[in-house]
Amino acid sequence: MNTMLMNNINWVGYVDWNVRDFHGYSTDRGATYNAYLVQDEKTALIDSVKAPYVDNLLKNIRSHTDLDKVDYIVVNHAEPDHGGGLSKTVEALPNAVVVCDQKCKDIISGHHDTTGWNFHIVKTGDELSLGKRTLQFIETPMVHWPDSMFTYIPEEKLLFSMDAFGQHYATSARFDDEVSLSTTLEEAKKYYANIVMPFGKMVSKVLDAASGLDIDMIAPSHGVIWRTHLPEILSRYAEWAECKARPKVVIMYDTMWQATEKIAMAMTEGASIEGVETILLNVRASSLTVVATEVLDAAVVAIGTSNLNQNMLPMMAAVLTYLKGLKPVGKSGMAFGSYGWGKGGCEQVDQWINDMKWDTVHEMFKCKFTPDAAVLSEAEKIGKILAEKAGEIAQ
Ligand code: FEO
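Keep in mind the model is a prediction, meaning the values are calculated, not measured.

Rules of the game
- Residues numbered from 1 in each chain as written.
- Predicted model: local features only at pLDDT ≥ 70, side-chain atom pairs only at ≥ 80, totals over all residues.
- Heavy atoms only, no water.
- Helix = DSSP H or I, 4+ residues; strand = E, 2+ residues; numbered from the N terminus.
- Rg over C-alpha atoms; globule rule 2.2 N^0.38 Å.
- Buried < 20%, exposed > 50% of the residue type's maximum accessible area, 1.4 Å probe, protein only.
- Contact = heavy atoms within 4.5 Å.
- Areas by Shrake-Rupley, 256 points an atom, 1.4 Å probe, with all protein chains shown as cover.
- Lys, Arg positive; Asp, Glu negative; His and termini not counted.
- Charge placed at Lys NZ, Arg CZ, Asp CG, Glu CD.
- Phe/Tyr/Trp six-rings, centres within 6.5 Å; stacked < 30°, edge-to-face > 60°.
- Pairing = 2+ DSSP bridges.
- Axes fitted to C-alpha atoms, helices over the stretch in contact; angles between N-to-C directions.
- Polar contact = N/O pair within 3.5 Å; in protein donor to acceptor, adjacent residues only side chain to side chain.
- Expected span 1.5 Å × (residues − 1).
- Parallel < 35°, antiparallel > 145°, perpendicular 65-115°, else oblique.
- Left-handed = near helix turned anticlockwise from the far one by under 90°.
- Nonpolar A, V, L, I, M, F, W, Y, C, P; charged D, E, K, R; others polar.
- Salt bridge = Lys/Arg side-chain N within 4 Å of Asp/Glu carboxyl O.

**Q** I'm lost on the overall build of the protein in this one. Help?
**A** Along the backbone of the protein there are 12 helices and 24 strands. Since a compact globule built from 395 residues should have a radius of gyration of about 21 Å, the 24 Å found for the protein is in line with a globular shape. Expressed as a percentage of the 395 residues in the protein, the buried residues total 56%. Taking as baseline every contact in the protein between residues at least 6 positions apart, the subset at least 24 positions apart corresponds to 72%. By element, 50% of the accessible surface of the protein is carried by carbon and sulfur atoms, the whole surface being about 16,200 Å². Averaged over its 36 positive side-chain charges, the protein has a centre that lies 3 Å from the centre of its 51 negative ones.

**Q** How do you make sense of the packing of aromatic side chains when you look at a structure like this?
**A** The relation between two aromatic rings is expressed through the spacing of the ring centres and the mutual angle of the planes. Under the defined criterion, the tally for this structure stands at 11 aromatic pairs. Where Y33 meets Y53, the ring centres are 6.0 Å apart and the plane angle is 10°; that geometry is what we call stacked. With Y33 in strand 6 (residues 31–33) and Y53 in the loop between strand 8 (43–46) and helix 1 (54–62), this pair connects stretches of sequence that are 20 residues apart. A relative accessible area of 18% places Y53 in the buried class.

**Q** Got a minute to help me understand the sheet that holds strand 12 (residues 127–129) in this structure?
**A** Consider a sheet: its strands pair through backbone hydrogen bonds, and that pairing is either parallel or antiparallel. Read from one edge to the other, the open sheet built from five strands follows the order 12-13-14-15-16, with strand pairing classed as mixed. The sheet is open, and its two edges are formed by strand 12 and strand 16 (217–220), each paired on a single side. Within the sheet, the average angular offset between the axes of one strand and its neighbour, ignoring direction, is 20°. Bridging between strand 12 and strand 13 (residues 134–139) involves three bridges; their strand directions are antiparallel. Paired with L128 across the two strands is L135, which belongs to strand 13.

**Q** Help me out: how do you make sense of the environment of K105 in this one?
**A** Residue placement: K105 occurs in helix 4 (residues 102–111). Residue class for K105 comes out partly exposed when judged on its relative accessible area of 27%. Taking the C-alpha atoms as reference, K105 lies 13 Å from S87; in sequence the two are 18 residues apart. Those residues in contact with K105 that lie beyond four places of it in its chain are C100, F119 and I121.

**Q** Any chance you could explain the side chain of T27 here in plain terms?
**A** Position of T27 relative to the elements: it lies in the loop between strand 5 (25–26) and strand 6. Polar contacts involving the side chain of T27 include one to the main-chain carbonyl oxygen of V19, which spans 3.0 Å. Setting aside anything within four residues of it in sequence, one finds T27 in contact with V19, R20, D21, F22 and H168.

**Q** In this structure, what is going on with helix 12 (residues 373–393)? I would like to understand it.
**A** Residues separated by three or four positions in an α-helix point in the same direction, a consequence of the helix having 3.6 residues per turn. Spanning 21 residues, helix 12 covers 30 Å between terminal C-alpha atoms, matching the ideal 30 Å at 1.5 Å per step. Those residues of helix 12 that sit buried are A379, I382, G383, L386, A387, A390 and G391. Against the buried residues of helix 12 lie strand 17 (248–254), helix 8 (259–271), strand 19 (300–305), strand 22 (332–339) and strand 24 (365–368). For helix 12, the N-terminal capping position is held by D372, with its side-chain oxygen 3.1 Å away from the main-chain nitrogen of A374.

**Q** How do you make sense of the sheet that holds strand 8 when you look at a structure like this?
**A** Taken in spatial order, the seven strands line up as 1-2-7-8-9-10-11 in an open sheet, and their pairing is mixed. Two strands close off the open sheet at either side, each with one partner strand: strand 1 (4–6) and strand 11 (119–121). Averaged over all pairs of adjacent strands, the angle between strand axes in this sheet comes to 25°, irrespective of strand direction. Bridge count for strand 9 (residues 72–74) against strand 10 (residues 97–100) is three bridges, and the pairing is parallel. Bridging across to strand 10, I73 finds its partner in V98. Contacts from helix 4 reach strand 10 and strand 11, with the element oriented near 120° to strand 10.

**Q** Please explain the packing of helix 8 against helix 12 as it appears in this structure.
**A** Helix packing for two helices is described by the angle between their axes and how far apart those axes are. In contact at an axis separation of 6 Å, helix 8 and helix 12 are set at 45° when each is read in the N-to-C sense. If you check the angle between helix 8 and helix 12, you find them oblique. As for how helix 8 packs across helix 12, the hand of that crossing is right-handed. Within the contact between the two elements, helix 8 uses K262, I263, A266, M267, E269, G270 and A271 and helix 12 uses L376, A379, E380, I382, G383, K384, L386 and A387. Taken together, the residues that form the contact of helix 8 with helix 12 break down as nine nonpolar, two polar and four charged.

**Q** Can you walk me through the pattern of salt bridges in this structure?
**A** When their charged atoms lie close together, side chains carrying opposite charge are able to pair. Across all of its chains, the model carries 18 salt bridges by this definition. For D297, the salt bridge identified is with K248, shortest N-O distance 2.8 Å. Of the two residues, D297 sits in the loop between helix 9 (288–296) and strand 19 while K248 sits in strand 17, which places them 49 residues apart along the sequence. Like K248, D297 is buried. Connected through shared salt-bridge partners, K189, R246, K248, E277, E294 and D297 make up one network.

Okay, structure coming up:
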């Protein structure tokens, strides 16, 4: 495996081929926890790995230098997939000073007994000379934790971007030009939708800050390193930061006895017009991860549920709770579904759409018991309206 980013700068992280659940995020292609070793007159470890894999990290460091030769551990982000192994890492690197911002130190101190640790606290604009190379620090709060920070080496035009621009993607390749670009962008989109989406405004600010840097390489904390396709990932981030809508309709539903499903399918039939992508998702057959990823760039989202004990179905409630936290903005929505003698499910979805401050693209569409041919015909017409609206929004 080629681990060399450039002369004396190496990847020393861990490829987690088998992880499939990353705090609820479905990591179908596994993950990596990237750490980097910068060797100069001084040696800096940039980030660490998840706790179970510290021995792998140390072995990788040893293949380049002795552990007591590491002078700094730069912690760009304290979340346990990077900072969880810090206690063991600090213990194994006896001469290393922990470099991070104040918020990161506070979080680290909440997770570890830091008695005896040497900290060097930095803020935006601070620099640390390693010899021929310099580490410059740029705080990026809420992209995606309060502690988040970039580290930049101006002499190499190299940006260590922590979670930003990352992908949960286990591969033996380390660079974007060694794997399929469409796969990498698909995983980057999934990562953005499920981890970064709530912080779009902060992402825009970070992109503005990054535009002032001369960057040849972006080394994130997950997935492959961007050295060839930087324009592609930067332009995607600019679009995702504003949840930019494509001509796309997502019709998602849960169903008890297939009545709501029949309506959803009729709507999908009607929405399948030229120039508009229409996605049908049964939320009990789709992960939360996939649902969020599809919603990110949709113009219109139709949400269907049957009624159960005067509530929406529980899996749809889980989906809407998850999406509420991710805060996709600028969508147009509608509620639909079947009910029997009670009501409440569809009304809850309608209220959720209001609470999300989405436009209502069509009034709630409800059907008592099983839809007949007339109801399905109406659902198909509504689907066409949704698709036409999606086309207009995305103009
Ligand atoms: Fe990869 Fe926010 O941790």
